[in-house]
Each structure stands twice: as structure tokens, then as C-alpha cells.
Amino acid sequence: MTPRDGCRPTPEELLKLLEYQEYDACRGRLKIFLGYAPRVGKSLRMFDEGLRRKSRGQDVIVGAIQSRGASDIAEKIAALEVLGTDTLDIGRILERRPQVCLIDELAVDNPSGSKHPKRWQDVEELLENGIHVITALNLQYIEEQQDAVERITGKRAAHSVPLSFIRGAEEIEIVDAPTSQPAQAQLREMALCLAAEVIEGQLQRYMDLHGIHQSWGTQERILVCVTPRSNARAMIESGRRNADRFHGQLFVAYVAQHGLKREDQEALDANLDLARKLGAEIHILEGADAVAEIVRFAREHRITQIFIGHTQRPRWWASSRNPVDRLIEAAEGIDVRIFPQAQV
């Protein structure tokens, strides 16, 4: 979406930039205090934040409180206006229209007959109406993290919040506590990686709003480009190792070609099957110019490394601009790693 360096933005880029700016101006901000284990003090930190904002003159209310175990924060709650306890009354909050709303227990389900089945959906509506929300959540309630947490702890939370909602936060703060337990250390690492992912989203939104065209990021995003004739196993396996090492993401892309021979199609299918087994995100690209499509995809998905295969060129080809040369030039700011391939 971002304008290209040294070029005037296209009408489409300008329109999208304006849409981002309008959306950013109208929407409330979401801050999440994330705990990696119960009773690390995330609710306490949330109410401390609310009191700090009130002391700065902001209009702060409490939208929902966790009733059990609230005695340690009773004094802080007493200093704030409370519109809801166990149940969040979204209608009252929208009518009251505070600047900031504190909402505990983000992952709970709403009572039958509520406007939304999930509390996080209530929060989304408040944000859409320009109300800032501060909330608290434990790692075990994030839907996409629940399998991993269950493997570590042997327990699974009954309620959940989708990761896509967490990624939309403008700020996420880990509520840390010293631990010598191996299980909690693993959970802490997961929480830190998630926070880094959210920070990267914040960075990208800032870049989009300001028309900055770069592939900066806090995590590695590796794109492996495969073709029907490439021996892509080494590239895909290397991409998986590098993504795991840096807690990043692995993408595998293929620019569609029509009328493939049967053996070429079978080789391509085998490469894509391997990529799926290794947890890569698969994308089939369409376009007459394969280099342009790969670079476009890389920019849109904030790719930090591109892996490509390349046969050894004859000497007479050394001075010509082949696709690899074009890709390296067009992908400025993205690392390009070339894997030598046997000529077919």
C-alpha cells in the first residue's frame, strides 16, 4: 500500500492512505496487559493505569470487574466510576461515552441474550465508537495459543479470544514475574514472542499511515519461491529452520504457470505438500511477470528474506539481466538468498 521510494503515489495508494488515516482518527485505542500465568498482577496493573489516566484528566470508567479475588484492588476500584461488575453493559457505556473504559476478564462469554456472544466483541464495538479500552488477559485464553499452552500445562481454558483481535492492539504490555519453573519459562517466552508480533503490527500501521516503504519488522518473515522444476526441499527446510530460530513466519509462493507437463506438476505438488507439512503459508500468485508478482507479494506481507533457486548460468549470459538480477534489484531492503540448482 505504501508509495514507492522516489515516485509519486498512485491514485489507489493515495485512496488507501486516506482510508487508513480516517480509520485511525475515529477508532479508539486498545491496550492489553498480558499475563503468561494466573495471578501475576495483570488486573492490578490495569487499574493502576486507569488511575494514572484519571489523574491526567481523562474520563475513565470501569466497564467490567472480575468479582472473585478483587479484594486486593478494591481501593483502586473505589476511586473510579464503575458501570459494570461481572456483566459488561455495552449500552450504558455507549450512552455514557467515556474516554477510557477498563474491562477485566476479556475472554469471558456473555450471558444468553446479550448483543454479542463474546466480551471481546463488545470491546470491538467500543473501539469502533472511539472509546479507548484497557483490558487484561492471560496467554492461555488466546485461541491460537491454546494447543501449545495445553501441551505445557496439561490444562485448557474454556473461553478464548482470537489472535486477530490481539494483533489489533495499539499497545501490549507483558506483566512479568520472576519464575524458576520450566513450564512458566516456556509460557513467558510465548508471551514475549506474541508481544513482539503485536509491536510489529504497530510499526507497520505507522509506516502505512506515513507512506513509508520499507520491509522493517521485529520478526523474520521468510518467503520461499518454488517453480515446477526447482528442487525446493532444501530451500523449504532451510526456511522452516530459520523461521523457527527467530520465531518468525514461513511463506511459500508459486507464480502459476499453465499447461505444465505431468512430471513438472507432480514435482510442484510434492514441493507444496512438503511446505504444508512444515507449517508454511502457501500462496499461488497470478501474473505474467513472475518477478513483479513476487516483489509485490513480498512488500504486502512485509517479507524480510526471499529464498530462490538458480541454475548456474553459461558464460555468455553473465552480462544479461536474468530474473534473479531483476529480483535482487527490485527487492531492495529485503535479503535475497540464492540456492544453487542443478540444470534441468
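Residues numbered from 1 in each chain as written. Predicted model: local features only at pLDDT ≥ 70, side-chain atom pairs only at ≥ 80, totals over all residues. Heavy atoms only, no water.

Draft legend 1. Focus on the overall build of the chain. Regarding its fold elements, the chain presents 12 helices and 11 strands. Going through the 344 residues of the chain one by one, you find that 44% of them count as buried. Considering only contacts within the chain whose residues lie at least 6 apart along the sequence, 72% involve residues at least 24 apart. When the accessible surface of the chain is summed, it comes to about 18,300 Å², and 50% of that surface belongs to carbon and sulfur atoms. (Helix = DSSP H or I, 4+ residues; strand = E, 2+ residues; numbered from the N terminus. Buried < 20%, exposed > 50% of the residue type's maximum accessible area, 1.4 Å probe, protein only. Contact = heavy atoms within 4.5 Å. Areas by Shrake-Rupley, 256 points an atom, 1.4 Å probe, with all protein chains shown as cover.)

Draft legend 2. View of the pattern of salt bridges. Inspection of the entire model under this criterion finds 21 salt bridges. Two residues, Arg-262 and Glu-266, come together in a salt bridge whose shortest N-O distance is 4.0 Å. You can see Arg-262 and its partner Glu-266 sitting in helix H10 (residues 262-277), four residues apart, about one turn around the helix. According to the relative accessible area criterion, Glu-266 is partly exposed, its value standing at 48%. Look at the salt bridges and you will find they share partners, linking Lys-31, Arg-45, Glu-49, Arg-52, Arg-53, Glu-171 and Glu-173 into a network. (Salt bridge = Lys/Arg side-chain N within 4 Å of Asp/Glu carboxyl O.)

Draft legend 3. Structural detail: the environment of Ala-253. Tracing the backbone shows Ala-253 in strand E8 (residues 249-255). Accessibility expressed as a relative area gives 5% for Ala-253, which makes it buried. Excluding residues within four positions of it along the chain, Ala-253 makes contact with Leu-223, Val-224, Cys-225, Val-226, His-283 and Leu-285.

Draft legend 4. Structural context of the sheet that holds strand E4 (residues 100-103). Here we have six strands laid out as an open sheet, ordered E3-E2-E4-E5-E1-E6, and parallel in their pairing. Edge positions in the sheet fall to strand E3 (81-82) and strand E6 (171-175), since each has one partner strand and no second. With four bridges connecting them, strand E2 (residues 60-64) and E4 associate as parallel partners. Across the sheet, the residue bridging to Ile-61 is Cys-101, located in E4. Seen against the sheet, helix H2 (residues 42-55) touches strand E1 (30-35), E2, E4, strand E5 (132-138) and E6 and runs at an angle of roughly 165° to E5. (Pairing = 2+ DSSP bridges. Axes fitted to C-alpha atoms, helices over the stretch in contact; angles between N-to-C directions.)

Draft legend 5. Representation of the nonpolar core in the model. Within the largest apolar cluster, 55 residues are counted, with the highest numbers of intra-cluster contacts made by Phe-47, Leu-126, Phe-165 and Ile-166. Looking at this core element by element, the count peaks at six residues for helix H8 (residues 182-209). (Core = buried A, V, L, I, M, F, W, Y, C linked by side-chain atoms within 4.5 Å.)

Draft legend 6. Expanded view of the pairing of E5. Of all seven residues making up E5, six are buried, and the element is well covered by its neighbours. Relative to E5, E1 runs parallel, the two sharing six bridges. Considered in E5, the bridge of Leu-30 is made with Val-133. Two elements, E4 and E5, share four bridges in a ladder whose sense is parallel. If you follow Leu-102 over to E5, its bridge partner there is Ile-134. With helix H5 (residues 119-128) bridging E4 and its parallel neighbour E5, the resulting β-α-β unit is right-handed. (Right-handed = clockwise from strand over helix to strand, strands pointing away.)

Draft legend 7. The confidence of the model for the chain, seen in detail. Mean pLDDT over the chain stands at 83; residues scoring 70 or higher make up 80%. Looking over the chain, one finds the lowest element-wise mean pLDDT in helix H1 (residues 11-26), namely 61, and the highest in E4, namely 97. Counting contacts from residues 1-7, a segment whose pLDDT is below 50, to residues more than four positions away or on other chains yields 19 contacts. A low-confidence stretch, residues 313-320 stays under pLDDT 50, and its non-local contacts, those more than four residues away or across chains, total six contacts. (pLDDT = per-residue confidence, 0-100.)

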